[in-house]
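Spelled out, the chains give:
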Amino acid sequence: MRLVLLLTCAASALLLAACAPETPAAVEAVAEPVAEAPAGKPLHVAVLDCGTIAISNLDAFSSSGDYAGQADEFTNTCYLVHHPNGILLWDLGVPGILKEAGPVVQDIFTVSLNATITDQLTEHGLTPANITYVAISHSHFDHIGQADQVQGATWLVHQAELDTMIPPDGSVPQTTADQIALFNAFKSMKREAFAGEKDVFGDGSVVIFETPGHTPGHTSLQLKMPESGPILLTGDLYHRSESRALNRVPRFNFDEEQTMASMAAFEARAADLGARVIIQHEPADVTPLGGMIR
Ligand SMILES: [Zn+2]
């Protein structure tokens, strides 16, 4: 019952994007890089499997109505960014409890998780204590589900997304109780809020940049890889290849006009850099990575 309730609320949260006033809040901590990082190794990124989301009817993913009746299966990826001065974990997947629950069906979604973030860190010879920073593209359930596992990291968060999740006036976020429980897992973490861009390690190789619209403080990630060159991770600015080709915006979206502007800015950045774009839910983008970006 607990699990059913969790997904019921999580799926509801996905469809009812939370919103809150965009008022500033105090930055509570400034992160210091920690010494556990694999010093000396060049920038590389391990791709983590943070769940699978099968969708029986894609209509919710295009406000234009042209996806109605189609089905699809989304990957749900997290990215372990190894920099000589620390490790950033980008996105936090679906709730870890789903590993034990098995595939759970709710409305149009069937959500599953094969291995938790902690499980996969172990496979890479790491523990949660090795993670310097975490950042989320946005606060929907499939991107924040395992914050409970990385409590020692410093959370780098866009100010507007922080204000959505933890309103500065102390009010309760405008979403379900179980979604709020996922938000609450972030409250005890050290955090550093930003707006615009966040150059994570100060050398321009790992830069979080704002792409608002899907949620108030949605962000994407720019990487400058030693072998692969410039790469942009979309977050959920796009959910699938067709979304990017056709500029399709989901029905569950904070501000469609803002999303369209973010898409234009993102594409200008991608063209300027000559970047490869990876849509995090798109198997056609994720599978060819073979689990590692160098
Ligand atoms: Zn998502």
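Above this text is the structure in question.
Quick caveat, the model's predicted, so the values are computed rather than measured.

Peer 1: Which residues make up the sheet that holds strand 10 (residues 206-210), and what values do they have?
Peer 2: With mixed pairing, 5 strands are arranged side by side in an open sheet as 9-10-11-12-13. Each edge of the sheet is formed by a strand with only one pairing partner; in this case those strands are strand 9 (197-199) and strand 13 (276-278). Neighbour to neighbour, the strand axes of the sheet diverge by 20 degrees on average, direction disregarded. Both strand 10 and strand 11 (residues 219-225) contribute to a ladder of 5 bridges, which runs antiparallel. Paired with Ile208 across the strands is Leu221, a residue of strand 11. The sheet contacts of helix 8 (residues 256-273) involve strand 9, strand 10, strand 11, strand 12 (229-233) and strand 13, and relative to strand 12 the element is tilted by about 165 degrees.

Peer 1: Break down the pattern of salt bridges for me, with residues and values.
Peer 2: Side chains bearing opposite charge may pair, as long as their charged atoms lie close to each other. Scanning the model with the defined rule gives 8 salt bridges in all. With its nearest N and O atoms 3.1 Å apart, the salt bridge here joins Asp59 to Arg251. One end of the pair, Asp59, is in the loop between strand 1 (44-55) and strand 2 (72-83); the other, Arg251, is in the loop between helix 7 (241-246) and helix 8, with 192 residues separating them in the sequence. For Asp59, a relative accessible area of 24% corresponds to the partly exposed category. With its nearest N and O atoms 2.7 Å apart, the salt bridge here joins Arg269 to Glu197. Residue Arg269 is found in helix 8, and its partner Glu197 is found in strand 9; the two are separated by 72 residues along the sequence. On the basis of relative accessible area, Glu197 is assigned to the partly exposed category, the value being 46%. Salt bridges here are not isolated pairs; linked through shared partners, they connect Asp72, Arg240 and Glu242.

Peer 1: Residue-level account of the coordination of the zinc ion, with values.
Peer 2: Within the protein, the zinc ion binds to Asp142 (OD), His143 (NE2), Asp236 (OD) and His281 (NE2); these donor distances fall in the range 2.0 to 2.1 Å. Viewed at the metal, the 4 donor atoms of the zinc ion are separated by angles of 90 to 160 degrees, and the geometry they form is irregular. Going along the chain, you hit the donors of the zinc ion in the pattern D-H-x92-D-x44-H.

Peer 1: Break down the state of the cysteines for me, citing the residues and quoting the values.
Peer 2: Going through the model one piece at a time under the given rule, you end up with 1 disulfide. Paired by a disulfide, Cys50 and Cys78 hold their sulfur atoms 2.1 Å apart. In this structure the cystine formed by Cys50 and Cys78 twists about its S-S bond by roughly -130 degrees; its chirality is therefore left-handed. Residue Cys50 is located in strand 1, and its partner Cys78 is located in strand 2; the two are separated by 28 residues in the primary sequence. We classify Cys50 as buried; its relative accessible area is 0%. With relative accessibility at 0%, the residue Cys78 sits in the buried group.

Peer 1: I'd love a proper account of the nonpolar core, names of residues and values included.
Peer 2: In terms of nonpolar packing, the biggest core is built from 44 residues, with Phe61, Leu89, Leu92, Ile131, Val134, Trp155 and Phe186 touching the most fellow members. No other element matches strand 1, which puts 5 residues into this core. Ranked by size, the runner-up nonpolar core spans 24 residues in total, among them Tyr79, Tyr133, Leu223 and Leu289.

Peer 1: I'd like a rundown of helix 8, residues and numbers included.
Peer 2: With 18 residues, helix 8 should cover 26 Å at 1.5 Å per step; its first-to-last C-alpha distance of 26 Å lies within 8% of that length. Within helix 8 the residues assigned to the buried category are Thr259, Ser262, Met263, Phe266 and Ala270. End-on view of helix 8: buried residues confined to an arc of 105 degrees, all on one side of the axis. Structural note: helix 8 exposes Glu257, Ala271 and Asp272 on the side pointing more than 90 degrees away from its buried face. Against the buried residues of helix 8 lie strand 10, strand 11, strand 12 and strand 13.

Procedures and definitions
Residues numbered from 1 in each chain as written. Predicted model: local features only at pLDDT ≥ 70, side-chain atom pairs only at ≥ 80, totals over all residues. Heavy atoms only, no water. Pairing = 2+ DSSP bridges. Helix = DSSP H or I, 4+ residues; strand = E, 2+ residues; numbered from the N terminus. Axes fitted to C-alpha atoms, helices over the stretch in contact; angles between N-to-C directions. Contact = heavy atoms within 4.5 Å. Salt bridge = Lys/Arg side-chain N within 4 Å of Asp/Glu carboxyl O. Buried < 20%, exposed > 50% of the residue type's maximum accessible area, 1.4 Å probe, protein only. Donors = N, O, S within 2.8 Å, 3.2 Å for Na, K, Ca; no water. Tetrahedral: all angles 85-135°; square planar, octahedral: opposite > 155°, others 65-115°. Disulfide = S-S within 2.5 Å. Core = buried A, V, L, I, M, F, W, Y, C linked by side-chain atoms within 4.5 Å. Expected span 1.5 Å × (residues − 1). Arc of directions from axis to C-beta.

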